[in-house]
Amino acid sequence: MTEPRWLDDTEMRAWAGLLETYDLIHRQVELQLREEAGLTMVQYEILTRLEESPAGACGMTELAERMVASRSGLTYQVGQLAKAGLLVREPDPADERAVLAVLTPEGRRLLEATAPGHVRVVREGLLDLYTPAQVEQLAALLDTARSHLRRVVPVIPPRPRRNKRE
């Protein structure tokens, strides 16, 4: 058995800094979204992903993959957004077994009203702390990590197999 490659001080500072920075900006964004729109960050992301999709619609599996979310967690959040009238669930005309989440006009209006505050918090809490060159560098670093992790990490874990009774 080989010895683990322990993190040196700089690597540990980078790792701990990434985690703490994410936690803090996440909390700041979450507070802004709850206060201004009554949404969680996950719910805002769902609505944003739908807005970015053709016709404001996306299949649930694709949405879960794009968001790196569990099927059950996504289904719950989509249900909450549907109850609030911000999206509707419709059968997918291309696949009778699939369901589409579709952004409603009310959901689009809420996004438009909430986006300026959301962008302000992201800028003030993170992006405006850096020069444009540093933001480009940060984006490139995160692109590398994201691409690698998307290749090696199962985004949606396979469903457990059911035992067949004989």
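Residues numbered from 1 in each chain as written. Predicted model: local features only at pLDDT ≥ 70, side-chain atom pairs only at ≥ 80, totals over all residues. Heavy atoms only, no water.

Q: Explanation requested: the overall build of the protein in the structure shown.
A: In terms of regular secondary structure, the protein is built from six helices and three strands. For the protein, the sequential pattern of α-helices and β-strands runs α-α-β-α-α-β-β-α-α. Relative to a compact globule of 166 residues, whose C-alpha radius of gyration would be 15 Å, the protein shows 19 Å and is clearly more extended. Based on the C-alpha atoms only, the size of the protein along its principal axes is roughly 55 × 55 × 25 Å. Burial analysis of the protein (166 residues in total) assigns 28% to the buried set. Sequence separation of 24 or more characterises 55% of the internal contacts of the protein that already satisfy a separation of 6 or more. (Helix = DSSP H or I, 4+ residues; strand = E, 2+ residues; numbered from the N terminus. Rg over C-alpha atoms; globule rule 2.2 N^0.38 Å. Buried < 20%, exposed > 50% of the residue type's maximum accessible area, 1.4 Å probe, protein only. Contact = heavy atoms within 4.5 Å.)

Q: Help me understand the nonpolar core in this model?
A: Nonpolar side chains tend toward joint burial in soluble globular proteins. The biggest cluster of nonpolar side chains holds 26 residues, and the ones touching the most others in it are Leu39, Ile46, Leu47, Leu50, Leu63 and Leu74. Broken down by secondary-structure element, the contributors of at least two residues to this core are helix H1 (9-37), helix H2 (41-52), helix H3 (60-67), helix H4 (71-83), strand S3 (95-103) and helix H5 (105-125). (Core = buried A, V, L, I, M, F, W, Y, C linked by side-chain atoms within 4.5 Å.)

Q: Explanation requested: the pairing of strand S2 (residues 87-92) in the structure shown.
A: A regular strand places its side chains on the two faces of the sheet in alternate fashion. Examined bridge by bridge, S2 and S3 share six bridges and lie antiparallel to one another. Residue Arg89 lies in a different strand from S3, and its bridge partner there is Ala101. In sequence, S2 turns back onto S3 through a hairpin of two residues. (Pairing = 2+ DSSP bridges.)

Q: Mind showing me how you'd approach the sheet that holds strand S1 (residues 57-59) here?
A: Whether parallel or antiparallel, the strands of a sheet pair through hydrogen bonds between backbone atoms. In spatial order, the strands read S1-S3-S2; together these three strands make up an open sheet with antiparallel pairing. Here the strands that pair on one side only, and so sit at the sheet edges, are S1 and S2. Strand after strand, the sheet turns through a mean of 30 degrees between neighbouring axes, direction not considered. Running over the sheet, H2 touches S1, S2 and S3 and is turned about 105 degrees from S3. (Axes fitted to C-alpha atoms, helices over the stretch in contact; angles between N-to-C directions.)

Q: How should I be thinking about the environment of Glu51 in this particular structure?
A: On the secondary structure map, Glu51 appears in helix H2. Classification of Glu51 by relative accessible area gives partly exposed; the value is 33%. Sequence spacing of Glu51 and Gln80 is 29 residues, and the spatial spacing of their C-alpha atoms is 17 Å. Residue contacts for Glu51: discarding those within four places in its chain leaves Leu103, Arg108 and Leu111.

Q: Where do I start with the pairing of S3 in this structure?
A: Where S1 lies against S3, three bridges are found, and the strand directions are antiparallel. The residue of S3 that forms the bridge with Gly59 is Leu100.

Q: So what exactly am I meant to see when it comes to H4 here?
A: Residues lying three or four places apart along an α-helix face the same way, a consequence of the helix completing one turn every 3.6 residues. Under the 1.5 Å per step criterion, the end-to-end length of H4 is 18 Å for 13 residues, consistent within 8% with the ideal 18 Å. Taken together, the buried positions of H4 are occupied by Leu74, Gln77, Val78, Gly79 and Leu81. Against the buried residues of H4 lie H2, H3 and S2. Following H4 by one or two positions, Gly85 has its phi on the positive side, about 80 degrees. (Expected span 1.5 Å × (residues − 1).)

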